[in-house]
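Single-letter residue listing:
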Amino acid sequence: MADRHLGWALLLTAAISLLPAPASPQETVQGPGFAAKASTLAATTLGPSTTAARDRGKTGTEAAPGAGVADCEPDMIGFELVTGYVFTAPDDLLDSIPGTLMLTDCLEACQNNDTCHSVNYETGLCVMFSSNADKYPGALTKSQFPVFTIYAQKSCLGVKPCERAWCFDRVQAHRLNGYVQRQQTAGSRQECLELCLGEREFPCRSANFNNVTGVCELSDMDRLTVAGHSAFEAATDSEYLENNCVEVPVKLCEFKKLTGRILKTVDSVYQEVGSVDECRELCLNSPYRCHSYDYGDTGDLVCRLSHHSRATLSDIQDPYLNVAEASTYELSACYNVTIDCRAGDMVARIKTSKLFNGKIYAKGSPNSCVKDVRESLDFELEMAYDDVECNVKHQGLGRYLNDVVIQHHDTIVTSSDLGLAVTCQYDLTNKTVSNEVDLGVQGDVKAAMTEEVIVDSPNVAMKITDRAGEDIKASAEVGDPLALRFEILDRNSPYEIFVRELVAMDGVDSSEIVLIDADGCPTDHFIMGPLYKSSDSGKILLSYFDAFKFPSSEVVQFRALVTPCMPTCEPVQCDQEDASGELRSVNSFGRRRRRRRDTTTTTSRDDLLLVETIQITDKFGFNREKRNYNATSAFFSEDPSSPEGLCVNLAGVLVSGAVLVAVQVVVLLAWSYVWQRRKTNPGPSINLGLGLGFNHVARTDSLCKLYDVSYGHGRRY
């Protein structure tokens, strides 16, 4: 491993040594696992053509923009970075600081020096100047291979910058297309970036400044949020300004591994870092927006950080060094998740660092409790506690929890997706409300009086009874007249109640029907009527219905949302169809769901979810028994349409049974008589036994058999 790291160090040293030789000997700095020569920037700075280039870029009538930096308040100083460019001004060179492994150290050194207006930085070297590229525009040129340089310019801003190491990244001759939120004219590039820095109506992540027209376009997107799109494009007269002060999510972050490459220039180098996970944490907690890191590729226990990634290096030629065994970890996206626990639901709110396309849903209900998201950095999922589709679990007193999935693909789950466990905890204990009134009396008299009031939340029960409200029904038959009763058990409670979203559910396959809708009105008056206050008490609501059931189950479960209100509940107007088919208005003490904006008021809605179950059977089993009984009788036919059919059929059964018994007795007597005659006087005298008139009665198998046998025997004798 040590040999491999030494090999990369020698490779970088050899590459840097290809630059033009310095005019005078300079100190060589050997960093951990890589080498950087202090002469790299000095050679570029002191080249023979640099003075002429500086003179060509100088305008004699233009005041130096950095002239006021020396008198600027320290907290108003900000830096602007240009990656891949080097500033050449040998006459204005203040100091060269070799061994600088942190861009932040280089910027801090310039900030503490009142005469410093700009710096050039490469990993291992910081060069400070007393002038800047605004004073000498022609002195800022693209840096040479094999490394790239970062140029930083110091400015005194009119808007207080953030506490990060620098405020903006600038990309010359480029712009971000298609995401402009506001457009106005600015007198200079610095004025444009100040407009973005001071924007309050939306998060200004970037700005485009046109050097010809002076138009400043503010955007809520930047190169990172639109990564993968083709929005960042070349534009000759424009300069792209990316705000490094914008707040970004840093909680749930995903890094993708890019094998075979590491950056040539990085912002920070840390030594003696114990693991790649520690390196990752250094990136997430850096004083700038860190977007990539590598670990152990330029030296043992060496961690290197950069605010660049592939999305921000599209304008740089060959920013990476190709190393087969090396890897760079690049930030893909970060997510900040917050939970809003409201009176009747929990809301999972997500902020992401990259435009999100996909969906968010409750883990157990991907099709019913879901929200599709398209091109958004902020999205949320509402999960009501009373919503069966979202399946929020109730665990203990006042504790609700659920699992949420953030899925990038519309159909499948991939390794990029996130699973979140969200929980809301409510304190449902009784509270003591006190009101202290200051009387303003001096002396020995007490200066305050205290009044205490304890308000208990109401206990509400839902019961299924008969129409008189007396007997609680555990089972019934389809068509039985029943009543659904909602009652506050404490008659002295100051509350009243209203009901909405009453649902009947099947006990087998979860089929359901809505009986009272979200507005508090019956959906079908022939199944369930409106809710009325009981004549006995205003704390009891009743709704009458005839028992019904689902085809696949005999269990019917009723679920309803009940909301207390004080001192009274106002009914809702519902249209009901009467017997003539005309609509008439009736009052129902269900009530319309409060809109979401009502949650900002001081009164919160505490919904109660009530559940009651009843077993309801149909009459088909009884009809089958009757049909089976009739089939075995074969003496009558039942007329189902006749209300007296049951009585007539029972009488027929009794008469037919008596006749049958009598016939059997007569047959036995006749058989005994014939048998005795045959013994005493054999012959065909059986015909005498046929003259008794039995053939006028319905024949039976026994009589036919007897006749056939006797006749045969008579002929034989």
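Predicted model only: the values in this text are computed from it and were never measured.

Topic: the overall build of the protein chain
Within the protein chain, the secondary structure is distributed over 10 helices and 37 strands. In the protein chain, which comprises 717 residues, the proportion classed as buried is 45%. Long-range pairs, those at least 24 residues apart, make up 68% of the contacts in the protein chain with a sequence separation of at least 6. When the accessible surface of the protein chain is split by element, carbon and sulfur atoms take 51% of a total near 37500 Å².

Quick look at a nonpolar patch on the surface
On the surface, Val661, Val665 and Leu669 cluster together into a nonpolar patch covering about 280 Å² of accessible area. Assignment of secondary structure puts Leu669 in helix α8 (residues 645–680).

What to know about helix α6 (residues 276–284)
For α6, the set of buried residues is Cys279, Cys283 and Leu284. All buried residues of α6 lie within an arc of 140 degrees about the axis, which places them on one face of the element. On its buried side, α6 packs onto β15 (252–263), β17 (292–295) and β18 (303–306).

Considerations on unusual backbone geometry
At Asn391, a position not held by glycine, the phi torsion is positive, near 55 degrees. Structurally, Asn391 is set in the loop between β21 (365–384) and β22 (393–394). Positive phi is not limited to glycine here, since Glu501 has a value of about 50 degrees. With respect to the secondary-structure elements, Glu501 resides in strand β30 (residues 496–506).

Focus: the pattern of salt bridges
Under the counting rule described, the total for this entry stands at 25 salt bridges. The partner of Glu496 in a salt bridge is Lys533, and the shortest N-O contact between them spans 2.9 Å. Placement of the pair is Glu496 in strand β30 and Lys533 in strand β32 (residues 532–533), with a sequence separation of 37 residues. Given the relative accessible area of 11%, Glu496 is considered buried. One network of salt bridges, in which partners are shared, links Glu80, Asp134, Arg170, Arg189 and Glu239.

Comments concerning the nonpolar core
Within the largest apolar cluster, 31 residues are counted, with the highest numbers of intra-cluster contacts made by Phe79, Leu107, Val119, Trp166, Phe255, Cys279 and Leu305. Broken down by element, the residue count for this core peaks at four residues, all from helix α4 (residues 103–111). If sequence neighbours within four positions are ignored, Val119 has contacts with Cys106, Leu107, Cys110, Cys126, Val127, Met128, Phe129, Ile150, Tyr151 and Ala152. Counting 29 residues, the second largest nonpolar core, distinct from the first, contains Met462, Leu515, Ile516 and Ala560.

Focus: the state of the cysteines
The final tally for this structure, using the stated rule, is 13 disulfides. A sulfur-sulfur separation of 2.0 Å characterises the disulfide bridge that pairs Cys521 with Cys574. Because the torsion about its S-S bond is -85 degrees, the bridge between Cys521 and Cys574 counts as left-handed. Pair noted here: Cys521 is in the loop between β31 (512–516) and β32 and Cys574 is in strand β35 (residues 572–577), with a separation of 53 residues, a long-range link. With a relative accessible area of 11%, Cys521 lands in the buried category. For the unlinked cysteine Cys167, the closest cysteine sulfur is that of Cys245, found at 4.3 Å.

Description of α4
Structurally, the α-helix is built with 3.6 residues per turn, so residues lying three or four positions apart point the same way. Among the residues of α4, Leu103, Thr104, Cys106, Leu107 and Cys110 are the ones counted as buried. Across the axial projection of α4, the buried residues extend over an arc of 160 degrees, all falling on one side. Structurally, α4 contributes buried residues whose contacts are with β3 (77–83), β5 (93–100), β6 (118–122), β7 (124–129) and β9 (150–156).

Here's the deal with the packing of aromatic side chains
Throughout the structure, instances matching the rule amount to 13 aromatic pairs. Ring centres of Phe356 and Phe379 lie 4.8 Å apart, and the angle between their planes is 20 degrees; this geometry places the pair in the stacked category. Of this pair, Phe356 sits in strand β20 (residues 345–362) while Phe379 sits in strand β21, and the two are 23 residues apart along the sequence. With respect to class, Phe356 is no different from Phe379; both count as buried.

Brief notes about the pairing of strand β14 (residues 232–243)
Two strands pair when backbone bridges link them, and strand β10 (residues 168–176) and β14 are joined in this way by eight bridges, in the antiparallel orientation. If you follow Val171 over to β14, its bridge partner there is Tyr240. In this sheet, β14 lies alongside strand β12 (residues 206–210) in antiparallel orientation, the contact comprising five bridges. The residue bridging Ser206 from the neighbouring strand is Glu242, located in β14.

Quick look at the environment of Cys390
Following the sequence through the fold, Cys390 ends up in the loop between β21 and β22. The buried category is assigned to Cys390, whose relative accessible area is 4%. As for Cys390 and Cys369, which are separated by 21 residues in sequence, their C-alpha atoms are 5.0 Å apart.

Digging into the sheet that holds strand β33 (residues 540–546)
If you trace the four strands from one edge of the open sheet to the other, you get β27-β29-β33-β32, paired in antiparallel fashion. Because the sheet does not close on itself, it has two edges, and the strands there are β27 (460–466) and β32. As judged from the seven bridges shared by β27 and strand β29 (residues 481–488), these two strands associate in the antiparallel manner. Pairing of Thr465 across the sheet is with Ala483, part of β29.

Regarding the sheet that holds strand β37 (residues 608–617)
Across the sheet, which stays open at both edges, the five strands sit in the order β28-β37-β34-β30-β31 with mixed pairing between neighbours. A strand with exactly one partner marks an edge of an open sheet, and here the two such strands are β28 (475–477) and β31. Direction aside, the axes of adjacent strands within the sheet are offset by 30 degrees on average. Sheet analysis places β28 next to β37, joined by three bridges and oriented parallel. Across the sheet, the residue bridging to Ser475 is Gln615, located in β37.

Focus on the side chain of His174
If you trace the backbone, His174 turns up in strand β10. Its relative accessible area of 16% is what places His174 among the buried residues. Within the structure, His174 has its side chain in polar contact with the backbone oxygen of Gln172 (distance 3.0 Å). When neighbours within four sequence positions are excluded, His174 is seen to be in contact with Phe232, Glu233, Ala234, Ala235, Ser238, Glu239, Tyr240 and Asp315.

What about the side chain of Ser206?
Tracing the chain through its elements places Ser206 in strand β12. When its relative accessible area of 1% is taken as the criterion, Ser206 is described as buried. The contacts of Ser206, once residues within four sequence positions are left out, are Leu176, Cys196, Glu217, Leu218, Ser219, Met221, Asp222, Tyr240, Leu241, Glu242 and Asn243.

Some details on the confidence of the model for the protein chain
Confidence along the protein chain averages 76 in pLDDT terms, with 71% of residues attaining 70 or more. Per-element averaging of pLDDT across the protein chain places strand β1 (residues 28–31) at the bottom with 35 and β18 at the top with 97. Between residues 592–605, whose pLDDT stays under 50, and residues either more than four places distant or in other chains, the model counts 17 contacts. Across residues 683–717, where pLDDT falls below 50, the model places 22 contacts with residues more than four positions away in sequence or in other chains.

Reading the values: rules and limits
Residues numbered from 1 in each chain as written. Predicted model: local features only at pLDDT ≥ 70, side-chain atom pairs only at ≥ 80, totals over all residues. Heavy atoms only, no water. Helix = DSSP H or I, 4+ residues; strand = E, 2+ residues; numbered from the N terminus. Buried < 20%, exposed > 50% of the residue type's maximum accessible area, 1.4 Å probe, protein only. Contact = heavy atoms within 4.5 Å. Areas by Shrake-Rupley, 256 points an atom, 1.4 Å probe, with all protein chains shown as cover. Patch = residues over 30% accessible without salt bridge, like charges linked within 9 Å, V, L, I, M, F, W, Y side chains within 5 Å. Salt bridge = Lys/Arg side-chain N within 4 Å of Asp/Glu carboxyl O. Arc of directions from axis to C-beta. Core = buried A, V, L, I, M, F, W, Y, C linked by side-chain atoms within 4.5 Å. Disulfide = S-S within 2.5 Å. Phe/Tyr/Trp six-rings, centres within 6.5 Å; stacked < 30°, edge-to-face > 60°. Pairing = 2+ DSSP bridges. Axes fitted to C-alpha atoms, helices over the stretch in contact; angles between N-to-C directions. Polar contact = N/O pair within 3.5 Å; in protein donor to acceptor, adjacent residues only side chain to side chain. pLDDT = per-residue confidence, 0-100.

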